[in-house]
Amino acid sequence: MFIPNPDFTGDITPFQFNIMREYMAEYNLELGREAHFKNHPSRLNAIYLFESSDEARHYYQVHQEHVGGRILKRVKSVTACIYSKHDLGWVDFLRLAHSVDTISTDNVSKAYWSGAKVEDYELLSMGKRWTQPPIIEVLFLGRVEVYNRDLDCDDQYSGFESHTQ
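Read on for an overview of the structure. The structure presented is a predicted model; accordingly, all values stated were derived computationally and were not measured.

Digging into the pairing of strand 6 (residues 136-141)
So, step 1. Most of strand 6 sits out of view: five of its six residues are buried.
So, step 2. As defined by bridge partners, strand 1 (residues 47-49) adjoins strand 6 across three bridges and the pair is classed as antiparallel. Note that in strand 6 the partner of Y48 across the bridge is L139.
So, step 3. Judged from the six bridges that link them, strand 3 (residues 82-87) and strand 6 form a sheet pairing that is antiparallel. Paired with D87 across the bridge in strand 6 is I136.

Below, the structure is given as structure tokens:
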């Protein structure tokens, strides 16, 4: 049975707002890719990889809620593939609970897709300087093979190695 919350007076709940903010970040990045970087894989259908165990550990430290109980595995590409490398900090910036105007969103998208690092720019969030050390993700389209398929073993590495020509 549905019981309305008498204290809620808004149009959407904080939960819905957070989902919409994350969706809008992905949507705006995809618009930027379509407009300026069509040769890059879309974030909407790519596999997310890291180049090294250090990058995977760094991602885990910053995004523990996303990694959760997932097992990190080392993989290699086994078919023809396309990939691009980007600083995840741009995505994190777009997902912050702040307002970003259209021009800034477009500039952030271009910086993300061009491979620029967040730490090389001056970003403001709610009037305060915002930055973070880079976390380089690899957006990968192709097939990968796991080196060690044992699910009881966390490789602590989800590195990207291309073994195709």
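Details of the packing of aromatic side chains
So, step 1. All chains considered together, the criterion is met by five aromatic pairs.
So, step 2. Seen from their ring centres, F50 and Y59 are 5.1 Å apart, and the 40° between their planes marks the pair as tilted.
So, step 3. What makes F50 buried here is its relative accessible area of 8%.
So, step 4. Taken together, a centroid distance of 5.3 Å and an interplanar angle of 75° make the contact between W90 and Y121 edge-to-face. With a gap of 31 residues between them, W90 in helix 4 (residues 89-95) and Y121 in the loop between helix 5 (102-114) and strand 4 (123-125) connect regions that are remote in the sequence.

Details of helix 1 (residues 14-36)
So, step 1. With 23 residues, helix 1 should reach 33 Å at 1.5 Å per residue; the first-to-last C-alpha distance of 33 Å fits that figure.
So, step 2. Those residues of helix 1 that fall on the buried side of the exposure criterion are R21, A25, E26, L29, E30, G32 and R33.

Points about the nonpolar core
Within soluble globular proteins, side chains that are nonpolar generally end up buried alongside one another.
So, step 1. By size, the foremost hydrophobic cluster in this structure holds 24 residues, and its most contacted members are L29, Y59, W90, Y112, W113 and L123.
So, step 2. Every element with two or more residues in this core is listed here: helix 1, helix 2 (53-62), helix 4 and helix 5.

Reading guide: rules and limits
- Residues numbered from 1 in each chain as written.
- Predicted model: local features only at pLDDT ≥ 70, side-chain atom pairs only at ≥ 80, totals over all residues.
- Heavy atoms only, no water.
- Buried < 20%, exposed > 50% of the residue type's maximum accessible area, 1.4 Å probe, protein only.
- Helix = DSSP H or I, 4+ residues; strand = E, 2+ residues; numbered from the N terminus.
- Pairing = 2+ DSSP bridges.
- Phe/Tyr/Trp six-rings, centres within 6.5 Å; stacked < 30°, edge-to-face > 60°.
- Expected span 1.5 Å × (residues − 1).
- Core = buried A, V, L, I, M, F, W, Y, C linked by side-chain atoms within 4.5 Å.

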